[in-house]
Amino acid sequence: MNKTGFIGYGSMGGMLINGFLMSGVLGSEETVVSNRTMAKIENLAQEWKEITLTTDNRKVARESDLLFICVRPLDVLPVLREIKGDLANSTHLVSIAGCVTINDIESIFPGQVSKVIPSITSEVREGIALVCHNRKVTRDRIEYLEKFLGAISRVVHVKENDFEVAADFTSCAPGMIAAIFDCFVKAGLRHSEIESDTAQRLIVSTLFGTAKLMTEKGIGFSELIGRVATKGGITEEGVKVLNNHLPSCFDEVFLKTLSKHDLVKEMIKNQRIMVS
Ligand SMILES: NC(=O)c1ccc[n+]([C@@H]2O[C@H](COP(=O)([O-])OP(=O)(O)OC[C@H]3O[C@@H](n4cnc5c(N)ncnc54)[C@H](OP(=O)(O)O)[C@@H]3O)[C@@H](O)[C@H]2O)c1
């Protein structure tokens with residue numbers, strides 16, 4: 001007991017574990033990690049000598065008082081059923097799977113449950129971790145969990161019902177931002193002789209500067225557009241095109257992502273029905 005456990009060492013599990021260890025908020029001697037494929041976690045032992053690594057999820061459940069479930073949404077309930085008998089009443093369970101509701105988790109483990117949606121940007125200690133808790137999570141446990149998340153991100157509380165749209169803005173957005181600006185760059189390349197690498201560097205640096213400017217100066221989107229897209233100028237022409245096409249495009253983005261959430265939720269509901 002008194003360890004922090006992680007089940008699943010994929011893209012997100014790996015980011016959280018390495019982020020917590022590297023920031024110093026978590027010691028390797030108090031960390032226990034399981035993954036289905038042992039080969040994937042073995043390299044952790046080279047860097048973190050005292051870490052406990054295993055393929056035995058039940059061992060992780062027995063030894064952890066804070067336990068992060070970092071498997072894919074459809075694997076969450078099967079893993080919870082597997083470890084259910086090894087969880088203590090006082091265990092604090094944290095799921096990072098968007099489509100798995102707190103209610104789904106409580107149907108198997110009726111104790112302290114939090115839901116967290118991290119973002120890949122926490123790999124460089126930036127971005128947001130969305131958080132909500134069930135009523136059973138004590139103030140101490142909330143503070144303890146937020147100490148971890150706060151070491152690699154900014155913690156933002158969101159109502160569970162708003163998680164899906166909020167997750168589009170935080171954890172899906174890095175992928176969507178990359179897709180948007182990839183199109184911007186490719187269009188620019190069709191109209192110039194700029195090298196692709198150079199174009200990408202120009203955009204990424206500008207994105208970074210834009211985010212910094214807006215954050216440090218407290219500037220909102222409309223104000224920034226007004227300052228750059230001056231009346232009768234070049235930028236205004238581009239902004240007009242974007243305003244014509246993007247609203248319907250982003251409506252479609254939400255339509256698709258939200259219906260995918262619904263589909264996975266339905267599959268998880270069926271997993272519950274099949275077992276009960
Ligand atoms: N990727 C993101 O940006 C992001 C953002 C926010 C939230 N999330 C959420 O984070 C969760 C993990 O996503 P991911 O992108 O990290 O997925 P991933 O890269 O596929 O990682 C999943 C990991 O879980 C392991 N696993 C699967 N079943 C297991 C079991 N029964 N016992 C132990 N380990 C098991 C897999 O092991 P193997 O090595 O054997 O495959 C794999 O390492 C998902 O629920 C996702 O919704 C992801």
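Note that the coordinates shown come from a computational prediction; the quantities given were computed from them, not determined experimentally. (Residues numbered from 1 in each chain as written. Predicted model: local features only at pLDDT ≥ 70, side-chain atom pairs only at ≥ 80, totals over all residues. Heavy atoms only, no water.)

Novice: Please explain the overall build of the protein chain as it appears in this structure.
Specialist: Across its full length, the protein chain holds 11 helices and 8 strands. For the protein chain, the spread of C-alpha atoms along the three principal axes comes to 70 × 45 × 35 Å. Evaluated residue by residue, the protein chain yields a buried proportion of 41% over its 276 residues. Within the protein chain, contacts between residues separated by at least 24 positions form 62% of all contacts whose residues are at least 6 apart in sequence. Accessible surface for the protein chain amounts to roughly 16,000 Å². Of this, 56% is attributable to carbon and sulfur atoms. Treating the 32 positive side-chain charges of the protein chain as one cloud and the 34 negative ones as another, the clouds have centres 3 Å apart. (Helix = DSSP H or I, 4+ residues; strand = E, 2+ residues; numbered from the N terminus. Buried < 20%, exposed > 50% of the residue type's maximum accessible area, 1.4 Å probe, protein only. Contact = heavy atoms within 4.5 Å. Areas by Shrake-Rupley, 256 points an atom, 1.4 Å probe, with all protein chains shown as cover. Lys, Arg positive; Asp, Glu negative; His and termini not counted. Charge placed at Lys NZ, Arg CZ, Asp CG, Glu CD.)

Novice: Sorry, what's going on with unusual backbone geometry here?
Specialist: Peptide bonds are, in most cases, trans, and in most cases residues other than glycine have a negative phi. Its identity is not glycine, yet Arg125 carries a phi of approximately 55 degrees, on the positive side. Relative to the assigned elements, Arg125 resides in the loop between strand E6 (112-117) and strand E7 (128-133).

Novice: So what exactly am I meant to see when it comes to the pairing of strand E8 (residues 154-157) here?
Specialist: Look at any regular strand and the pattern is simple: side chains alternate between the two faces of the sheet. In the sheet, E7 pairs with E8 via 4 bridges, with the strands oriented parallel. By the bridge assignment, Ile128 is partnered in E8 with Arg154. What joins E7 to E8 is helix H6 (residues 139-150), and the crossover it makes is right-handed. (Pairing = 2+ DSSP bridges. Right-handed = clockwise from strand over helix to strand, strands pointing away.)

Novice: Can you help me understand the layout of surface pockets in this one?
Specialist: Any empty space left between the atoms is revealed when a probe the size of a water molecule rolls over them. Of the voids in this model, the second largest pocket is the one considered here, and its volume is about 1,100 Å³. Lining the second largest pocket are 36 residues; nearest its centre among them are Met12, Cys70, Val71, Arg72 and Pro73. Counted by class, the lining of the second largest pocket contains 16 nonpolar, 14 polar and 6 charged residues. Counting only domains with at least three residues in the lining of the second largest pocket, you end up with domain 1 (3-159) and domain 2 (173-268). (1 Å grid on protein atoms, 1.4 Å probe; cavity = no way out; pocket = protein on both sides within 12 Å on 5 of 7 lines; lining within 4 Å. Points joined across faces, edges and corners; volume = space filled by probe spheres on them. Nonpolar A, V, L, I, M, F, W, Y, C, P; charged D, E, K, R; others polar. Domains from an automatic or database assignment.)

In short, shape yes, function no, at least from these values alone.
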